[in-house]
Amino acid sequence: MATGTLLPMTRIDNKPRQEATGAKSAVTVRGLVKHYGETKALDGVDLDVHEGTVLGVLGPNGAGKTTLVRVLSTLITPDAGQATVAGYDVLKQPRQLRRVIGLTGQYASVDEKLPGWENLYMIGRLLDLPRKDARRRADELLERFSLTEAAKRPASTYSGGMRRRLDLAASMIGQPAVLYLDEPTTGLDPRTRNEVWHEVKRMVADGATVLLTTQYMEEAEQLASELTVIDRGKVIASGRIDELKARVGGRTLRIRPVDPLELRPLAGMLDELGLTGLAASAVDTETGTVLVPILSDEQLTAVVGAVTARGITISSISTELPSLDEVFLSLTGHKASAPQDAAPARAYEEVSA
Ligand SMILES: Nc1ncnc2c1ncn2[C@@H]1O[C@H](COP(=O)(O)OP(=O)(O)O)[C@@H](O)[C@H]1O
Ligand SMILES: [Mg+2]
């Protein structure tokens, strides 16, 4: 690499780093159990949502996500285990707890016949806000979610995206310490989904603490910094998304030579290196890069050293972590995007419960 530059190692996730380590736990769940007859909706779940972060609870249909949210909202009582939200115990302090949470479900909770403003005002009054404050809060939130112009129209005339925005606004009335978003984009078209993601990102930038359930890898990747993967009521993995990716092992080294004609010789040279455990490299002509799967820092150093020694001029080198889909496959032995078995209830498709 005579004149090339070695770029710093890149992180694949484009979110700002959220300081999870050492942050206080806003939601603490330990050994949570909820059975419905034979069905183990929750079968000993542990998780933490750290203040000011988004925890993604990822799992297929029927995994227990909504049951978890219901327990954490005090709507149902667990059979065993403990949970606290903002310091309040779900069993011992349900009334205090309800005052510090906001909830947005898969289905809109707004009254369709009422205008957007009335919906928000009414919820404010239900939360015991004085009239003046309820009015101010409704105004503020409509503005915040770009709904001011539609304030006086019945919610039934809103587009899907506007409805979800109104729903998010409604969940924010009480200035909740913790917000639960239960599959906020399931069933939405891609454009509306992006709208919702945009709003959630803004809320997080403003410091919201969010427990987000989702069936979508991409959604977790977009919005969450930490992940708890559940399947059949059990946690099968948890941690920071980049840690989960790193745990799976492989990284990919992407090398771009200045001269595209060097692509194949470069790939051939790397394959001839004979580094232990180094899988075959691949040429990506579209991006003009060679992809080399690497398992260790030693392999990384060796590959970079060999390229340099050969005098091939490189325009960029970066490492990429595996995709979340690859992580999921490695953790569960089945793909996230495809049904694990024939039972439709276990599919990662648009099957709403
Ligand atoms: N009220 C209920 N009565 C009986 N079974 C239930 C009830 N609520 C949920 N379940 C079952 O518990 C499991 C978990 O459901 P749920 O928490 O809704 O999953 P998810 O939200 O992840 O799709 C499913 O098998 C579901 O059928
Ligand atoms: Mg659900």
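Criteria and cut-off values
All residue numbers refer to position in the chain's written sequence, counted from 1. Written order determines the labels here, with chains lettered from A and ligands numbered from 1. The model is predicted, so local features are restricted to residues of pLDDT at least 70 and side-chain atom pairs to those at 80 or more, both for listing and for counting; the totals for chains, interfaces and linings are taken over all residues. To get the side-chain values, all heavy atoms of the structure are used, and hydrogens and water are removed first. UniProt positions are given in the numbering used here, feature names are shortened, and annotations may be inferred rather than shown by experiment. Working convention: axes come from line fits to C-alpha atoms, limited for helices to the stretch in contact. Angles between N-to-C directions cover 0 to 180 degrees. Under the DSSP-based scheme used, a helix requires at least four consecutive residues in state H or I and a strand at least two consecutive residues in state E, with every element numbered from the N terminus. Roughly parallel covers angles under 35 degrees, roughly antiparallel covers those over 145, roughly perpendicular covers 65 to 115, and oblique covers all other angles. It is the rotation of the near helix from the far one that decides the hand of a crossing: anticlockwise by less than a right angle makes it left-handed, clockwise makes it right-handed. By definition in these notes, contact holds between two residues if any of their heavy atoms fall within 4.5 Å. For this classification, Asp, Glu, Lys and Arg are treated as charged, while Ala, Val, Leu, Ile, Met, Phe, Trp, Tyr, Cys and Pro are nonpolar and the rest, including Gly, are polar. Strand pairing is assigned whenever DSSP detects at least two bridges linking the two strands.

By the naming in an unreviewed UniProt entry, the protein is ABC-type xenobiotic transporter, taken from Streptomyces albiflavescens. Check the Subcellular location (unreviewed entry) section of the UniProt entry for the protein; it says "Cell membrane".

(A) Summary view of the packing of helix H5 (residues 160–172) against helix H6 (residues 190–205). Remark: H5 packs on H6, axes separated minimally by 9 Å, with the N-to-C direction vectors making an angle of 25°. The angle between H5 and H6 falls in the class roughly parallel. Of the two possible hands of crossing, H5 and H6 adopt the one that is right-handed. When H5 is examined against H6, the residues Gly-160, Gly-161, Met-162, Arg-164, Arg-165, Leu-168 and Met-172 are found in contact with a partner set consisting of Thr-192, Glu-195, Val-196, Glu-199, Val-200 and Met-203. In terms of residue class, the contact of H5 with H6 is built from six nonpolar, three polar and four charged.

(B) Molecular detail of the sheet that holds strand E7 (residues 178–182). The strand order across the open sheet formed by six strands is E6-E7-E8-E3-E9-E10, and the pairing between neighbours is mixed. Of all the strands in the sheet, just strand E6 (101–104) and strand E10 (234–240) have a single pairing partner and so form its edges. Sheet twist, expressed as the mean angle between neighbouring strand axes with direction ignored, is 15°. For E6 and E7, the ladder comprises four bridges, and the chain directions are parallel. Bridging from a neighbouring strand, Ile-101 pairs with Val-178 of E7.

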